[in-house]
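Structural characterization, general
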Amino acid sequence: MNPKTVSVVIPCYNEEDTLPVLFDKIDKILSLNDPEKYTFNFVLVDDGSEDRTLELLKENFGKVDYATIVERKENGGFGAALKSGLNSAEGELVVTIDADTNYDQMEIPRILEQLTDEYDLVTASPLHPDGHWNFPLHRFVTSRGVAMLYKFALGSKRQKIYTFTSGFRVYRKKILPDIMPDANDFLATAEMIINALLKGYRIKEYPCVVYDRLFGQSKLRTLATAKSHLKLIAKLMFNTKK
Ligand code: UDP
Ligand code: MG
């Protein structure tokens, strides 16, 4: 089997409280480097943090060849940070995941196994019947609600997707230019999967568990994000051929 390079993109905004846990997971993932399968590198994006995030990233990864630190001078939002990271990712496969404990970074090798030849991207799917939601209820209601509206807006002929909003994914790098999102906010993940669906890329959902974060705070503002989703849903309803 051809060994593959995997870039793991991690946007970080004011994450100093959770970084020690992340750094420990990064070490564990690096120990899984297998010359016959995968070699990992990390793209750590500091999205203009006001806390010690950038300092900690530099302290731990400033001088290693397996990590790139992308410095954004000002906070631009999750989507903006994600795009900066994706643009700096050089691996043949590109994983995206939060800096916090919403998804267990130790699931990265497992999501990679799901990317068999017939797929272009795999998305973690806690809303899949075999997945599990261990996360606040109001987020379940909004994620489930927007997923239903997206399904309706995209029409019955398209592939059925349970979770549109997960940030834990693996993409083949070659499809990224075709599915880059416009949004600088939390809409970005939904936009990417919709772009992929509309362009006929082959998507696999990986049922898995989403956990609440153990350290630090979520930056997502539910109402503002729901509003962004509703705008995109309305746009799709008018523009998508069913
Ligand atoms: N993030 C970022 N810039 C922002 C907001 C968030 O880089 O303006 C990062 C954040 O540090 C985290 C990821 O994006 O790694 C997702 O954000 P968060 O965990 O706060 O959102 P949630 O998981 O609750 O949806
Ligand atoms: Mg998170």
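Anyway, here's the lowdown on the structure attached to this text. These figures come from a predicted structure and were not determined experimentally.

1. Re the overall build of the chain
Along the chain, the regular secondary structure elements total eight helices and nine strands. Computed over the C-alpha atoms, the radius of gyration of the chain is 17 Å, within 12% of the 18 Å expected from 2.2 N^0.38 for a compact globule of 242 residues. When the backbone C-alpha atoms are referred to their principal axes, the chain occupies close to 50 × 45 × 30 Å. Scored against the burial criterion, the 242 residues of the chain give a buried share of 51%.

2. Observations regarding helix α7 (residues 188-198)
The buried fraction of α7 is high, at nine of 11 residues. Within the sequence span of α7, burial applies to Ala188, Thr189, Ala190, Glu191, Met192, Ile193, Ile194, Ala196 and Leu197. Two residues or fewer after α7 comes Gly200, characterised by a positive phi angle close to 80°.

3. A word on the site of ligand 1
Around ligand 1 there are 19 residues in total, and Glu15, Asp100, Asn102, Ser218 and Lys219 lie nearest to it. Contact distances for ligand 1 include 2.9 Å between an oxygen atom and a backbone N or O atom of Tyr13. One of the side-chain N or O atoms of Ser218 is found 2.5 Å from an oxygen atom in ligand 1. Bound to the protein, ligand 1 loses 95% of the 530 Å² it would expose on its own. Partitioned by chemical class, the residues of the shell around ligand 1 number eight nonpolar, four polar and seven charged.

4. Structural notes on the coordination of the magnesium ion (ligand 2)
Surrounding the magnesium ion (ligand 2) are the protein donor atoms Asp98 (OD), Asp100 (OD) and Asn102 (OD1), which sit 1.9 to 2.1 Å from the metal. All donor residues of the magnesium ion (ligand 2) come from one chain, and their arrangement in sequence is D-x1-D-x1-N.

5. Observations regarding a nonpolar patch on the surface
On the surface, Phe152, Met237 and Phe238 cluster together to form a nonpolar patch covering roughly 380 Å² of accessible area. Tracing the backbone through its elements, the reader meets Phe152 in helix α5 (residues 137-154).

6. Comments concerning the sheet that holds strand β8 (residues 203-207)
Strands pair in a sheet through their backbones, by hydrogen bonds, and they do so in one of two ways: parallel or antiparallel. Read across the sheet, seven strands follow the order β3-β2-β1-β4-β7-β5-β8 without closing on themselves; strand pairing throughout is mixed. Looking at strand neighbours, the two that pair on one side only are β3 (67-72) and β8, the edges of this open sheet. The sheet shows a mean angle of 20° between the axes of neighbouring strands, direction not considered. Bridge analysis of strand β5 (residues 121-125) against strand β7 (residues 169-172) gives three bridges, and the strand direction is antiparallel.

Rules of the game
- Residues numbered from 1 in each chain as written.
- Chains lettered and ligands numbered in written order.
- Predicted model: local features only at pLDDT ≥ 70, side-chain atom pairs only at ≥ 80, totals over all residues.
- Heavy atoms only, no water.
- Helix = DSSP H or I, 4+ residues; strand = E, 2+ residues; numbered from the N terminus.
- Rg over C-alpha atoms; globule rule 2.2 N^0.38 Å.
- Buried < 20%, exposed > 50% of the residue type's maximum accessible area, 1.4 Å probe, protein only.
- Near = heavy atom within 4 Å.
- Polar contact = N/O pair within 3.5 Å; in protein donor to acceptor, adjacent residues only side chain to side chain.
- Areas by Shrake-Rupley, 256 points an atom, 1.4 Å probe, with all protein chains shown as cover.
- Nonpolar A, V, L, I, M, F, W, Y, C, P; charged D, E, K, R; others polar.
- Donors = N, O, S within 2.8 Å, 3.2 Å for Na, K, Ca; no water.
- Patch = residues over 30% accessible without salt bridge, like charges linked within 9 Å, V, L, I, M, F, W, Y side chains within 5 Å.
- Salt bridge = Lys/Arg side-chain N within 4 Å of Asp/Glu carboxyl O.
- Pairing = 2+ DSSP bridges.
- Axes fitted to C-alpha atoms, helices over the stretch in contact; angles between N-to-C directions.

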